[in-house]
Every structure is written in C-alpha cells, then in structure tokens.
Amino acid sequence: MRSGQVVIVILLILAVVLTVGLTMVTRSVTEVSTSTTQEESARALEAAEAGIEAKLGGLEVQTIPGATYNLTATDFGNNAQVSLVKPLVAGDVTTVFLSQYDLEGQLQGVGFTGSKVRVCWGQDVISALESSLYYLDATGTPKVLRSAFDADPSSRGNNFTQAGDGVGCPTGKTYVLSGDIDIPSSPAQALFLRLKLLYNGSTAHYVSVVNPNSDGQKFPIQGQNVVSAGSAGNTSRKLEVFQGTPDNYPIFENAVYSGTDLAK
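Being a predicted model, the structure only gives us computed values, none of them experimental.

(A) How the structure looks around the sheet that holds strand β9 (residues 161–162). Read from one edge to the other, the open sheet built from five strands follows the order β3-β11-β7-β8-β9, with strand pairing classed as mixed. At either end of the open sheet lies a strand with only one pairing partner, and these are β3 (93–97) and β9. Relative to strand β11 (residues 189–198), strand β7 (residues 128–136) runs antiparallel, the two sharing nine bridges. Opposite Tyr134, over in β11, you have Phe192 as the bridge partner.

So this is what it looks like as structure tokens:
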C-alpha cells in the first residue's frame, strides 16, 4: 500500500519536473528565436539605411555583416501631369520644374515647351494660389512672371484673377479650383514654376500641374522614388524616400538676383 503511494508521488514529482523543464526549454527556444529575429531585423534595417545613404550621398557604404540591400529607383514625372505627393498648407511653397535638371540642381536642357500650364488645387473655394513662372527670354536673361488666382477675388479685394472650376484637372484627388498660366512664346525657355497656397490656413490642399493642350508635351522628371530593401536571415526591412530635384529656399521668393550679385 505504501509502496503504491510512493510510486504515485514519484510520478507526480516527475510530471511536475518534466512540465517545468519543457516550459523552460520552450521559453528558451522562444527567447532565442525572438533575439535572433530582433538581431536580424536590426541588421536588415541597417542595410536598408546603408542603401539609402549610398544612393542619396553617392558614397561607398561599409558592408553590413550577414545582410544585403537591394535598391530600386523610379522616376517621378515625365508625364503630362505632375501631382504633388505632399499637400500644402497656407504659405507653403513648392516647385514644379519645367526644364530638365539633374539631381545636383544643374540645368541640363529644355523640357516642357507647351504654350501654357494649368494649376489645379483646393478641397474647397476658400483657398487661393500664387504662382511665379521663371523663364529665360530670347536673350537668355532670367525673368519671372507672377500670377494669382482666387475663387472670389472681388469679395477679398485682392485683384487676383478669377479661378476656374477645376475642369480638366486630374482624378483621384479633389481639385475644385484651377488657373491657366501662359508661357512666354519661343524662343523663351520655361525653367520652373513656384506655387504658394493662400487663405487655407492649416488645412492642407493637394496641388497638381497639368498640360491642358493636346500636344503630347510632358513635364520633365521631378526626381526619383528610391526604395531600399534590406534583408538579413529570414527578416527584411524596407525604406522609401523621395529624392527630388534640389529646390530653392522659400526666401528665394522675397529676393531679386542679378546674376552676379544681389540686386536691390
């Protein structure tokens, strides 16, 4: 009788020990797996960052042990419309390039040669838009043509041009307002278009520039979408950045340049 009880007690003890042992082993395996995944994830992310640095900085980046990266770059632009990825709040300035520039900001050649462009913007009729078209005249002298559009310029008393109703604007975003900007005739060369939204406060509105003519003219490449995919072991991480054509600082709109020195 007592021997039977001893056997039962021993079996219970063995069951408890076995359960505790299996739990510890399972936990150890899980922790090792988690630690390995975290380590691989960190190395994959580091590799992805190295790829971005190599692309944007043009530098030779040190190889990450046990990790690799793969880069893909897709041109943004080269189409009959340029839809800005980031919406603008009041006072924000953005640039759409009409001539071909490299990623160092150097003028490479003629791009868009159409007679006009159409700017589309606004989720409602509250906002207005100011544009500055920079171009070279027949003598190669840089000049600027300023325009401004408002849905109701008379009530604001700002003497802006009456904005259009967004007809002919791209789909996919809300564009309830539009304005056509004439480009000076040949042999002038359009360089770039600076755009600023007004009156919309902190409510961000999307902006798009399109070619309203059926002449097949396309806007030049505005930059590249760069994707760097890093991998280490069974883990992968991906980073995506936009490498745009270098832009001027916003203060550019408040200064006049003579070509050799700052002119008052």
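(B) Region of interest: the nonpolar core. Among the nonpolar cores identified, the biggest contains 26 residues, and Val119, Trp121 and Leu193 are the most heavily contacted of them. For this core, the secondary-structure elements that each account for two or more residues are β6 (116–121), β7, β10 (177–182), β11 and β12 (207–210). Of all hydrophobic cores here, the second largest spans six residues; its members include Tyr134, Leu136, Leu191 and Phe192.

(C) Main features of the sheet that holds strand β14 (residues 235–244). Taken in spatial order, the three strands line up as β1-β13-β14 in an open sheet, and their pairing is antiparallel. This sheet does not close on itself; its edge strands, each paired only once, are β1 (68–79) and β14. The average undirected angle you get between the axes of adjacent strands in this sheet is 15°. Relative to β14, strand β13 (residues 219–232) is paired through 10 bridges, and the arrangement is antiparallel. Bridge assignment links Ser228 to a residue of β14, and that residue is Leu239.

The rules behind these values
Residues numbered from 1 in each chain as written. Predicted model: local features only at pLDDT ≥ 70, side-chain atom pairs only at ≥ 80, totals over all residues. Heavy atoms only, no water. Pairing = 2+ DSSP bridges. Helix = DSSP H or I, 4+ residues; strand = E, 2+ residues; numbered from the N terminus. Core = buried A, V, L, I, M, F, W, Y, C linked by side-chain atoms within 4.5 Å. Buried < 20%, exposed > 50% of the residue type's maximum accessible area, 1.4 Å probe, protein only. Axes fitted to C-alpha atoms, helices over the stretch in contact; angles between N-to-C directions.

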